[in-house]
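Residues per chain, in single letters:
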Amino acid sequence: MDVSRLVELNAAYARAIDNEKFEEWPDFFLDPCLYKVTTADNVAQGFEAGVIYADSRGMLRDRVSSLRIANIYERQRYRHIVGLPVVLDEKDGTAETETPFLIVRIMRDGRMEVFATGCYRDKVRMDAANTPRFAERIVVCDGGRFDTLVAIPF
Amino acid sequence: MDVSRLVELNAAYARAIDNEKFEEWPDFFLDPCLYKVTTADNVAQGFEAGVIYADSRGMLRDRVSSLRIANIYERQRYRHIVGLPVVLDEKDGTAETETPFLIVRIMRDGRMEVFATGCYRDKVRMDAANTPRFAERIVVCDGGRFDTLVAIPF
Amino acid sequence: MDVSRLVELNAAYARAIDNEKFEEWPDFFLDPCLYKVTTADNVAQGFEAGVIYADSRGMLRDRVSSLRIANIYERQRYRHIVGLPVVLDEKDGTAETETPFLIVRIMRDGRMEVFATGCYRDKVRMDAANTPRFAERIVVCDGGRFDTLVAIPF
């Protein structure tokens, strides 16, 4: 897979979230899929379970719906800065990649803080319309102090 | 427009500012142009006015001159980390793009803080010499606590 | 040199360090090489000496070994976000480039802070197997409050 397609996918994904177009988020995945948020510590200790988990677009959509309800009183914004994908492997049309990210949280009063850093471990495949989508996106956070109930998509 | 030209333009722009070659900054724009710094809140509320505004290279140059004077006593440095451009549209030789950014401020004593995050909303066109330049650069900051009088170019 | 090769090199370099595969780090350099960590202030004042210095893979390997010993009690993680390379010059097969970076430090308790920002000033050449490697990597940090004895590779 051409790296520029991976870059394009990552840039569009981050833009959708930062522009708070959460409803577009499930469409970046194939259906079924695997979306998991976990921590580097969990991964190092061999824990399979993540703190957030979904395996279909439907589950991703449910997550967005609850987020919309929970977030009524929240006013922070987020900004993703996504690094460059490293392609680790490619076979049978699936590219396995790792891409670092940094998320800044912007509070209502203008304060900003590094909210999360980590790396996306992805499996990307073309869909029927030749658009790259995530078969898998494992979000491995370096730290872990987020509230999983109201966390925006990573 | 080839995305690699957009990437190149963004990288050179950030480098000029971070290396404090402010005098090179106006040359990244066409003349006339539109340069505006505003906030996501302003944009959401439909306010057209930005907190910083220029519509010609001359105005950009004036800004740099006042900055040089005002900054005599300032000693912070800045570092831009610019993400990947998403091309939204392209017609009549003008590419419309959105590119996220993060700016870190480095104090004299070595302290560092996230100074601004946001996204560049650009219109890019080739000039007569086939070099890409900004016809428009709207800098939409996620937060807004900067002093517009002495702010470096974003 | 194709910019995509430079991007690839930078992405793989950052990944090796953030995944704590420090033993792979010397292989990103030619042998002999020049690796130096310095500060923007030092460079501005014309000081040639850096705070960290190595001119062969052997010296880089020594550094990794001491790091492994010193770090027994350290538990922080690091995350590099590397920007896009600006190619300044290219002759006789050597590309001279500048690439901005941001490093976040993640503490054991989940706290995160901007650890360093700066820019890589590199000379990159293909090795015998046509893989791009660093003939020189001068790491120019914007600030400077790190402990050079235990600092991970930048």
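On a predicted model such as this, the values are computed, not experimentally measured, just so you know. (Residues numbered from 1 in each chain as written. Chains lettered and ligands numbered in written order. Predicted model: local features only at pLDDT ≥ 70, side-chain atom pairs only at ≥ 80, totals over all residues. Heavy atoms only, no water.)

## Description of the overall build of chain A
Here's step 1: Assigned secondary structure in chain A consists of three helices and seven strands.
Here's step 2: Secondary structure of chain A in N-to-C order comes out as α-β-α-β-α-β-β-β-β-β.
Here's step 3: By its C-alpha atoms, chain A is 45 × 35 × 25 Å across when sized along the principal axes.
Here's step 4: By residue count, 53% of the 154 residues in chain A fall in the buried class.
Here's step 5: Contacts spanning at least 24 positions in sequence make up 58% of the contacts within chain A whose residues lie at least 6 apart.
Here's step 6: A distance of 5 Å separates the average location of the 21 positive side-chain charges in chain A from that of its 25 negative side-chain charges. (Helix = DSSP H or I, 4+ residues; strand = E, 2+ residues; numbered from the N terminus. Buried < 20%, exposed > 50% of the residue type's maximum accessible area, 1.4 Å probe, protein only. Contact = heavy atoms within 4.5 Å. Lys, Arg positive; Asp, Glu negative; His and termini not counted. Charge placed at Lys NZ, Arg CZ, Asp CG, Glu CD.)

## Quick look at the interface of chain C and chain B
Here's step 1: Contact residues are listed per partner, giving 20 residues for chain C and 20 residues for chain B.
Here's step 2: Summing both sides of the interface, chain C and chain B together bury roughly 1,600 Å²; the carbon and sulfur share of this comes to 65%.
Here's step 3: R15 of chain B is paired through a salt bridge with E98 of chain C; the nearest N and O atoms lie 3.0 Å apart.
Here's step 4: Along the contact surface separating chain C from chain B lie four residue pairs in polar contact (both at pLDDT 80 or more).
Here's step 5: Sorting the residues of the side of chain C that touches chain B by element identifies α2 (40-44), β4 (86-91), β5 (94-106) and β6 (112-126) of chain C as the ones contributing at least two each.
Here's step 6: Element by element, the count of residues in the side of chain C that touches chain B is highest for β6 of chain C, at six residues.
Here's step 7: Within the side of chain C that touches chain B, the residues separate by chemical class into 12 nonpolar, four polar and four charged. (Buried area = accessible area lost by both parts, 1.4 Å probe. Salt bridge = Lys/Arg side-chain N within 4 Å of Asp/Glu carboxyl O. Polar contact = N/O pair within 3.5 Å; in protein donor to acceptor, adjacent residues only side chain to side chain. Nonpolar A, V, L, I, M, F, W, Y, C, P; charged D, E, K, R; others polar.)

## Re the interface of chain A and chain B
Here's step 1: The interface is formed by 20 residues belonging to chain A together with 20 residues belonging to chain B.
Here's step 2: For the pair chain A and chain B, the summed buried area comes to about 1,600 Å², and 65% of that belongs to carbon and sulfur atoms.
Here's step 3: Between chain A and chain B we count four salt bridges in total.
Here's step 4: Applying the counting rule to chain A against chain B returns four residue pairs in polar contact (both at pLDDT 80 or more).
Here's step 5: Sorting the residues of the side of chain A that touches chain B by element identifies α1 (3-18), β3 (77-82), β5 (94-106) and β6 (112-126) of chain A as the ones contributing at least two each.

## Examining the pairing of strand β3 (residues 77-82) of chain C
All names here are of chain C.
Here's step 1: Counting buried positions over the six residues of β3 gives six, a clear majority of the element.
Here's step 2: Judged by which residues are buried, β3 turns out to be covered on both faces: R77, R79 and I81 on one side and Y78, H80 and V82 on the other are all buried.
Here's step 3: Strand direction decides the pairing type here: β3 and β5, joined by six bridges, are antiparallel. Counted as the bridge partner of Y78 is R105 from β5. (Pairing = 2+ DSSP bridges.)

## Notes on the relation of the copies chain C and chain B
Here's step 1: By a simple turn and slide, chain C fits onto chain B: the slide is 0.0 Å along the axis, the RMSD is 0.0 Å, and the turn is 120 degrees. The operation mapping one copy onto its partner corresponds to a three-fold rotation axis. Looking at the rotation axis and the C-alpha trace of chain C, the residue lying nearest is G83 of chain C, at 4.2 Å.
Here's step 2: Each copy contacts the other with its own distinct surface, as only 20% of the interface residues of chain C are interface residues in chain B too. (Least-squares fit on C-alpha atoms with pLDDT ≥ 70 in both.)

## What about the relation of the copies chain A and chain B?
Here's step 1: For the pair chain A and chain B, the relating rotation is 120 degrees, the translation along its axis is 0.0 Å, and the fit reaches an RMSD of 0.0 Å.
Here's step 2: Interface overlap between copies is the fraction of interface residues in one copy that are interface residues in the other; for chain A against chain B it is only 20%, indicating separate surfaces.

## Some words on the packing of aromatic side chains
Residue and element names in this part refer to chain C.
Here's step 1: Following the criterion strictly, the structure yields 33 aromatic pairs over all chains and no others.
Here's step 2: Between F29 and F134, the ring centres sit 5.6 Å apart and the planes meet at 50 degrees, which makes this aromatic pair tilted. Note that F29 is positioned in strand β1 (residues 29-39) and F134 in strand β7 (residues 132-141), a separation of 105 residues in sequence. Accessibility assignment for this pair places F29 and F134 in one class, buried. (Phe/Tyr/Trp six-rings, centres within 6.5 Å; stacked < 30°, edge-to-face > 60°.)

## So, the pattern of salt bridges
Here's step 1: A complete count under the given rule lists 45 salt bridges over all chains for this structure.
Here's step 2: A salt bridge links E136 of chain B to K123 of chain B, with the shortest nitrogen-to-oxygen separation between them at 3.6 Å. Pair noted here: E136 of chain B is in strand β7 (residues 132-141) and K123 of chain B is in strand β6 (residues 112-126), with a separation of 13 residues, a long-range link.
Here's step 3: Judged by relative accessible area, which is 21%, E136 of chain B ranks as partly exposed.
Here's step 4: With relative accessibility at 30%, the residue K123 of chain B sits in the partly exposed group.
Here's step 5: A cluster of three or more residues bridged by salt bridges with shared partners is formed by D18, R77 and R79 of chain A together with D142 of chain B.

## Observations concerning unusual backbone geometry
Here's step 1: Note the cis peptide between D31 of chain A and P32 of chain A, where omega equals 0 degrees.
Here's step 2: Relative to the helices and strands, P32 of chain A resides in strand β1 (residues 29-39).
Here's step 3: With phi around 65 degrees, N130 of chain A is a residue other than glycine that occupies positive phi space.
Here's step 4: By secondary structure assignment, the location of N130 of chain A is in the loop between β6 and β7 (132-141).
Here's step 5: If you check the backbone angles, D92 of chain B has positive phi at about 50 degrees while not being a glycine.
Here's step 6: If you trace the backbone, D92 of chain B turns up in the loop between β4 (86-91) and β5 (94-106).
Here's step 7: Judged by relative accessible area, D92 of chain B falls into the exposed class, the value being 76%.

## A short note on the confidence of the model for chain A
All names here are of chain A.
Here's step 1: The share of residues in chain A with pLDDT of 70 or more is 94%, and the mean pLDDT across the chain is 90.
Here's step 2: Mean pLDDT across the elements of chain A bottoms out in helix α2 (residues 40-44) (88) and peaks in β7 (97).
Here's step 3: Across the interfaces of the predicted complex, the ipTM metric reaches 0.89, alongside a pTM of 0.93. (pLDDT = per-residue confidence, 0-100.)

## Side note on the pairing of β7 of chain A
All names here are of chain A.
Here's step 1: Burial analysis of β7 places nine of its 10 residues in the buried class, which makes it a mostly covered element.
Here's step 2: Bridging between β1 and β7 involves seven bridges; their strand directions are parallel. Within β7, the position partnered with Y35 by the bridge is R137.
Here's step 3: As paired strands, β6 and β7 are joined by nine bridges and run antiparallel to one another.

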